[in-house]
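Descriptive structure summary
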Protein chains: 2
Amino acid sequence: MNRHPHIAVVGATGAVGIEMIKTLEKRQFPVGKLTLLASARSVGKKLQFQGQDVTVQELTPSSFHGIDIALFSAGGGISREFAPIAAKAGCVVVDNSSAFRMDESVPLVVPEINGADALHHKGIIANPNCTTAITLMALHPLHKAFGVTRVFASSYQAVSGTGAKAIEELENQVSQVVKGQPVTHEVYPHQIAFNVLPHVDSFLDTGYTKEEMKLENEGRKIMHHPTFRASITCVRVPVYRAHSVAISAEFLKPVDVESARRVLAQAPGLDVVDDPSSNLYPLPLKVAEKYNCEVGRLRKDCALDNGLCFWVVGDQLLKGAALNAVQIAELLLR
Amino acid sequence: MNRHPHIAVVGATGAVGIEMIKTLEKRQFPVGKLTLLASARSVGKKLQFQGQDVTVQELTPSSFHGIDIALFSAGGGISREFAPIAAKAGCVVVDNSSAFRMDESVPLVVPEINGADALHHKGIIANPNCTTAITLMALHPLHKAFGVTRVFASSYQAVSGTGAKAIEELENQVSQVVKGQPVTHEVYPHQIAFNVLPHVDSFLDTGYTKEEMKLENEGRKIMHHPTFRASITCVRVPVYRAHSVAISAEFLKPVDVESARRVLAQAPGLDVVDDPSSNLYPLPLKVAEKYNCEVGRLRKDCALDNGLCFWVVGDQLLKGAALNAVQIAELLLR
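What you see is a predicted model, and the numbers here were worked out from it, not measured in a lab. (Residues numbered from 1 in each chain as written. Chains lettered and ligands numbered in written order. Predicted model: local features only at pLDDT ≥ 70, side-chain atom pairs only at ≥ 80, totals over all residues.)

As a further point, take the overall build of chain A. On a plain count of helices and strands, chain A comes out with nine helices and 13 strands. Against the 2.2 N^0.38 benchmark of 20 Å for 334 residues, chain A shows a C-alpha radius of gyration of 20 Å, consistent with a compact globule. Across chain A, the fraction of contacts at a sequence separation of at least 24, relative to all contacts at a separation of at least 6, is 66%. (Helix = DSSP H or I, 4+ residues; strand = E, 2+ residues; numbered from the N terminus. Rg over C-alpha atoms; globule rule 2.2 N^0.38 Å. Contact = placed C-beta atoms within 7 Å.)

All names here are of chain B. Counted at 1.5 Å a residue, the expected span for helix α6 (residues 210-223) with its 14 residues is 20 Å, and the 20 Å between its end C-alpha atoms agrees. Taken together, the buried positions of α6 are E211, E212, K214, L215, E216, E218, G219, K221 and I222. Residues of α6 that are buried in the fold lie against α3 (111-114), α4 (130-146), β8 (148-156) and β9 (229-233). H224 sits one or two residues past α6 and shows a positive phi near 55°. (Expected span 1.5 Å × (residues − 1). Buried ≥ 20, exposed ≤ 12 C-beta atoms within 10 Å, placed from the backbone.)

At the interface, 51 residues of chain B touch 51 residues of chain A. Contributions of two or more residues to the side of chain B that touches chain A are made by β8, α5 (164-178), β9, β10 (243-251), α8 (284-287), β12 (293-300) and β13 (307-314) of chain B. Broken down by element, the side of chain B that touches chain A gets its largest block of residues, five residues, from β8 of chain B. A per-class count over the side of chain B that touches chain A returns 31 nonpolar, 14 polar and six charged. (Nonpolar A, V, L, I, M, F, W, Y, C, P; charged D, E, K, R; others polar.)

Okay, the relation of the copies chain B and chain A next. Copy one and copy two of the chain differ by a rotation about a common axis and a shift along it. The transformation that overlays chain B on chain A combines an axial shift of 0.0 Å with a rotation of 180°, and the residual RMSD is 0.0 Å. Considering both components of the superposition, the chain copies are consistent with a two-fold axis. With an isologous cut-off of 70% or more, the 100% of interface residues of chain B that recur at the interface of chain A puts this contact in the isologous class. (Least-squares fit on C-alpha atoms with pLDDT ≥ 70 in both.)

So, on to the pairing of β8 of chain B. All names here are of chain B. In terms of burial, β8 is a largely internal element, eight of the nine residues being buried. Across eight bridges, β8 lies against β10 in antiparallel orientation. Across the sheet, the residue bridging to R150 is E250, located in β10. Relative to β9, β8 is paired through five bridges, and the arrangement is parallel. By the bridge assignment, V151 is partnered in β9 with A230. (Pairing = 2+ DSSP bridges.)

In this section: unusual backbone geometry. Residue and element names in this part refer to chain A. With phi around 70°, D201 is a residue other than glycine that occupies positive phi space. Among the structural elements, D201 can be located in the loop between α5 (164-178) and α6 (210-223). Here R297, not a glycine, exhibits a phi torsion of approximately 55°, which is positive. Judged by C-beta crowding, with 24 C-beta atoms within 10 Å, R297 ranks as buried.

Here we come to the sheet that holds β12 of chain B. Residues and elements named next belong to chain B. Spatially, β9-β8-β10-β13-β12-β11 is the arrangement adopted by the six strands of the open sheet, whose pairing is mixed. This sheet does not close on itself; its edge strands, each paired only once, are β9 and β11 (270-272). Averaged over all pairs of adjacent strands, the angle between strand axes in this sheet comes to 25°, irrespective of strand direction. In this structure, β11 lies alongside β12, joined through three bridges in parallel fashion. What sits directly across from D271, in β12, is E294. Packed on one face of the sheet, α4 meets β8, β10, β11, β12 and β13 and runs near 30° to β10. The strands touched by α6 are β8 and β9; relative to β9, the strand with the most contacts, the crossing angle is about 160°. (Axes fitted to C-alpha atoms, helices over the stretch in contact; angles between N-to-C directions.)

Now for the pairing of strand β4 (residues 52-58) of chain B. Residue and element names in this part refer to chain B. Bridge analysis of strand β2 (residues 33-38) against β4 gives three bridges, and the strand direction is parallel. Along β4, the bridge assignment pairs A38 with E58. Here strand β3 (residues 46-49) runs beside β4; their pairing, made up of four bridges, is antiparallel. Bridge pairing in β4 links F49 to Q52. Taking the residues between adjacent antiparallel strands as the criterion, β3 and β4 are bridged by two residues, where Q50 takes a positive phi near 50°.

Quick look at the domain arrangement of chain A now. Residues and elements named next belong to chain A. According to the domain assignment, chain A consists of domain 1 (6-128 + 321-333) and domain 2 (132-316). Each of domain 1 and domain 2 has a C-alpha centre, and these two points are 25 Å apart. Each side of the interface is counted separately: domain 1 has 13 residues, and domain 2 has 18 residues. Counting only elements with at least two residues in the side of domain 1 that touches domain 2, the list comes to α3 (111-114) and α9 (318-333). (Domains from an automatic or database assignment.)

Take the sheet that holds strand β11 (residues 270-272) of chain A next. Residue and element names in this part refer to chain A. One open sheet accounts for six strands, arranged β9-β8-β10-β13-β12-β11; its pairing is mixed. Each edge of the open sheet is held by one strand with a lone partner, namely β9 (229-233) and β11. Pairwise comparison of adjacent strand axes, ignoring direction, gives a mean angle of 25° for this sheet. The pairing of strand β12 (residues 293-300) with strand β13 (residues 307-314) spans five bridges and is antiparallel. Counted as the bridge partner of E294 is V313 from β13. Each of β8 (148-156) and β9 is contacted by α6, which is oriented at about 160° to β9, the strand it contacts most.

With that settled, consider α5 of chain A. Taking 1.5 Å of rise per residue, the 15 residues of α5 of chain A would be expected to cover 21 Å, and the 22 Å separating its terminal C-alpha atoms lies within 8% of that figure. Along α5 of chain A, the residues classified as buried are A166, E169, L170, Q173 and V174 of chain A. For α5 of chain A, the buried positions fall inside an angular range of 130° around the axis, keeping them on one side. On its buried side, α5 of chain A packs onto α5 of chain B. Looking one or two residues beyond α5 of chain A, the residue adopting positive phi is G180 of chain A, at roughly 70°. (Arc of directions from axis to C-beta.)

What follows is the structure, encoded as structure tokens:
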């Protein structure tokens, strides 16, 4: 790999694309050249990178010649169409969509957990689901210490996980409610302002949403733990940024709060924020725009013999998407 | 009991007190006379009942002479002080605070579940915690059919559960955010607008909040199920009214979605709203001001062998407080 690689961001004008560009800059990634790609309607837009304007170009099959690493975040359809083309052109794709995550020939990587997997890529590396990545940042260190068997979880997912239009929809609805106007919606099937929706991604015949199956499926692959079981209800909440997850986890070995706290305090990319007596626990409003995830509310689980309850919060545009993708690109440079 | 009893509402001007008065009226409770009691600062306020103004009087130890049933919702301190005085004066107290719930001599009642317990009172009957009552409206019918062993739950609790001042705080914060002003808070330890707080009620040394222990403790007493185990994370969300709870429940007997749906469809006080293909599932915005609780998102639990996941929503000022109290008073009249 070129030590100053030519990087492309595909979906550069989206909520995650913008964070990818910011993250490359903030982490001083040694970008040789930056190419910004998007659909025809964004062509000509200018985005700032290292103090310079970079003009957005149209994504086409010939976009990838000379590009070393392409960070994709333009939806599953675009990834399915263009990621193989990019890989064939010799580019390594880090794909934020769900298109290739469960493909056996594609590594699915959280660098703090299974970074070595990234090196066995065949041109495409998948970035995990946001809620899964955030949950595993706390769960995997505990798994290494105590051996997780299963988890029961519920999520509190921010609207920016849906994209820029959902942020606008929440803003509009709030101002409609404040002005006493009728509330309109387009992005979500119901009003999200002052409401919670137990509906993230589309429904399967089993009654689960696709989002809800990702924690078990992706968790097994990332943790190399084929018998891991996960039951989760994914819920959209009127928060702009950062996902929260409440977790009950069962372990093979006995677990106590103090040992768990020591393990978590040493985990990379994770901060323990857990002092209830001072009202300190992770909050989405405080974790927003932060690289590290936060874990708190540690306690023995009442309904499990070797169980622990905890609360993890992470910026899903960063650790759940852009940051994790850039971290994977950093692994490729080593 | 007098067939047209003299009813007192203690804490008449609070969020729950106001709903108690409305519920007595809407359910055509045969009120002989209504006395409204509150602290000195509310004395002289007038509230409407059956088209007439009723003047709020000061709560004193001599307030209860001649009163048949007193519905208390003025906090644990007031209940501890005045409920025994009221009971001694011959009045039956239905207490919405947590003061007497775990007292062995005090029945703790959800009429649809253990209404008969109310008849063994010694002057005080306790109304359960709101999240517990709402959860049990769906869990208890399933327990009768399949035998629940334990649950893993997470709540999404509305600000009106804290009271009228918390409703105001959310309104103020939203308008501060919309206007770009600094956000202030008094009721909650952190901003609740566009945030979620894993903190409801005060913390215990175990790391749990008092609220989180109620589901197991009160659930055992209400369901007459001393080995019931419950692990819950209680979270405040920026919703004005109606609590939501995501539940994974384990049963002794095998359970499938269709059998569970049949059981729930026949349960009193509960509506099954569960058609994901039409985006139909319980939503706090729709359940607000509704007597019945709603259950949906029924599915086999991925991490339990005899397990079911579901999502229950109920108006915590009604089934979680005022409605349940008035239903208990109705039992006393039979």
